[in-house]
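Residue-level structure breakdown
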Amino acid sequence: MRYQRSSALFTEAGQYIPGGVNSPVRAFKAVGGTPVFMKSAKGAYLFDEDNNQYIDYINSWGPLILGHANEAVEKAIIHRVKSGTTFGTPTALETEIASLAVSMVPNIDKIRFVNSGTEACMSAVRLARGFTKRDKIIKYAGCYHGHSDSFLIKAGSGALTFGSPNSPGVTEGTAKDTLLAKYNDLDETTQIVNANPDSIAAIILEPVAGNMGCVPPEQGFLKGLRELCDAHGILLIFDEVMTGFRLARGGAQELFGIKADIVAFGKVIGGGLPVGAFAARNEIMDYLAPSGPVYQAGTLSGNPIAMAAGLAMLKSLEADRSVFERLDQKTARLESGIRSVLSCGSEPFTINRCGSMISVHFSDTPVVDLDTASVAATNTFNEFFHFLLDRGVYIAPSAYETWFICDALSDADIDRTIEVISAFAKR
Ligand code: PMP
């Protein structure tokens, strides 16, 4: 049996770990079947416990933009680990990665490192509330900003996949300060702002949403939000956990030419280790402890091994700035290939893409927000997922996720993937 050892490991894990996993989407609950337990990875490939090989389109949900076990990152980690794993003191390494990150991203002066994207977004919102002295935030249905209480209101990603976008355990008191809006609907956001004068601290969004599949911002949406925020003293928070250091050197701010007030990072910035960060210009960042009154801290924040991995990753991107262009071209090749072979099948489909983020929804309704993302046929997606998995192509086990293309992916890998999808269309 192809997944024999994975199956046994999943059963055993279920005895000691809730649902057998440490993050819900990994459980394959939406698509059915047994999650595949991975043993190793190199470049664009994953190898599971049953020795099956996969072309990887998840890349650990985004961090591994250069592929698995990238040599520069691997070397930096191994070198660093020999000098101690954590000190609980400042290190020179932290300043080195901070100054590099600040030089790459527009419109930020200072950056604070944390341990996950959740922490980054949670802290960004606290800082925005402290700075503006207002309580409410606007978030978009289908956007995911981690599992902190204020964000688990119509959240995307696993929360959506598992039917708990509003999680039990989040108090009404917390929920009332999160105002929900429709992605890409500037008029509705404007109405919400007008209905809540002087009480909105921040609008937080994924500048390209990746947690309801890939949903790019429509023309004028980000610019309109910027103007709305400026007119009402609201801070605009870009959650660039997925898009940062991926869509461009300076992330979505650079790609779309729109300035955010606070930017949250995760994934790529940690080179595959647990790292998040948030950043802003001095005026806002100096509001953070110990310079200012808004508290935020972390025992392992700025951990030397994590910083070494992140620094090696950012340095690699700086050393070869054509990487973003290349990723875009690879993903464009994938997109046009999938488009042409799925057109030969009978299922309606929509492909959304922005740079190296791409997703396939089985519906011909244009996918611009959570409502339109939810129209797609999940049964077809689930069949699609397993068809690909069984033939060595690993995509996210949910229609509500984007795929992430890595630079290690070759044209031959892309062509093989298109061949498998062609077989799916003809099945
Ligand atoms: N923001 C976005 C846009 C994300 O996609 C994610 C995770 N996928 C997070 C925040 C939370 O990051 P983490 O899982 O590292 O806490």
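Residues numbered from 1 in each chain as written. Predicted model: local features only at pLDDT ≥ 70, side-chain atom pairs only at ≥ 80, totals over all residues.

As recorded in an unreviewed UniProt entry, the protein chain goes by Glutamate-1-semialdehyde 2,1-aminomutase and comes from Flavobacterium silvaticum. Its UniProt record gives the protein chain the following Subunit (unreviewed entry) comment, quoted word for word: "Homodimer." Entered under Catalytic activity (unreviewed entry) in the UniProt record, the comment concerning the protein chain runs "(S)-4-amino-5-oxopentanoate = 5-aminolevulinate". (UniProt positions renumbered as here; feature names shortened; annotations may be inferred.)

Quick look at the overall build of the protein chain now. Each helix and strand in the protein chain was counted, giving 15 helices and 14 strands. Rg of the C-alpha trace for the protein chain: 21 Å, near the compact-globule value of 22 Å for 427 residues, within the 12% margin. Taking all 427 residues of the protein chain together, the buried fraction comes to 50%. (Helix = DSSP H or I, 4+ residues; strand = E, 2+ residues; numbered from the N terminus. Rg over C-alpha atoms; globule rule 2.2 N^0.38 Å. Buried ≥ 20, exposed ≤ 12 C-beta atoms within 10 Å, placed from the backbone.)

Here we take up the nonpolar core. Ile237 and Ile262 are the most contacted members of the largest nonpolar core, which has 136 residues in total. Considering each element in turn, this core owes the most residues, nine residues, to helix 11 (residues 304-319). Each of domain 1 (4-69 + 322-425) and domain 2 (71-319) gives at least three residues to this core. (Core = buried A, V, L, I, M, F, W, Y, C linked by C-beta atoms within 7 Å. Domains from an automatic or database assignment.)

Once that is clear, we can look at the packing of helix 12 (residues 323-342) against helix 15 (residues 411-425). Look at helix 12 against helix 15: their axes get within 9 Å of each other, and the N-to-C directions meet at 20°. By the angle between their axes, helix 12 is roughly parallel relative to helix 15. As helix 12 packs across helix 15, the resulting crossing turns out to be right-handed. Counted together, Lys330, Arg333, Leu334, Gly337, Ile338, Val341 and Leu342 of helix 12 and Asp411, Ile414, Thr417, Ile418, Ile421, Ser422 and Ala425 of helix 15 form the full contact between these two elements. Across the contact of helix 12 with helix 15, the residue classes break down as eight nonpolar, three polar and three charged. (Axes fitted to C-alpha atoms, helices over the stretch in contact; angles between N-to-C directions. Parallel < 35°, antiparallel > 145°, perpendicular 65-115°, else oblique. Left-handed = near helix turned anticlockwise from the far one by under 90°. Contact = placed C-beta atoms within 7 Å. Nonpolar A, V, L, I, M, F, W, Y, C, P; charged D, E, K, R; others polar.)

In this section: the site of the ligand. Around the ligand sit 17 residues, and of these Ser116, Gly117, Thr118, Gly146 and Val241 come closest. The biggest single contributor to the shell around the ligand is helix 4 (residues 117-132), with three residues. Its residues assigned to classes, the shell around the ligand comprises five nonpolar, ten polar and two charged. (Near = placed C-beta within 6 Å.)

Further remarks concern the sheet that holds strand 4 (residues 110-114). An order of 4-10-9-8-7-5-6 is seen for the seven strands of this open sheet, with the pairing classed as mixed. Edge positions in the open sheet fall to strand 4 and strand 6 (178-181), since each of these has one partner strand only. Each strand of the sheet is rotated relative to its neighbour by a mean of 20°, with strand direction disregarded. Where strand 5 (residues 136-140) lies against strand 7 (residues 200-205), three bridges are found, and the strand directions are parallel. (Pairing = 2+ DSSP bridges.)

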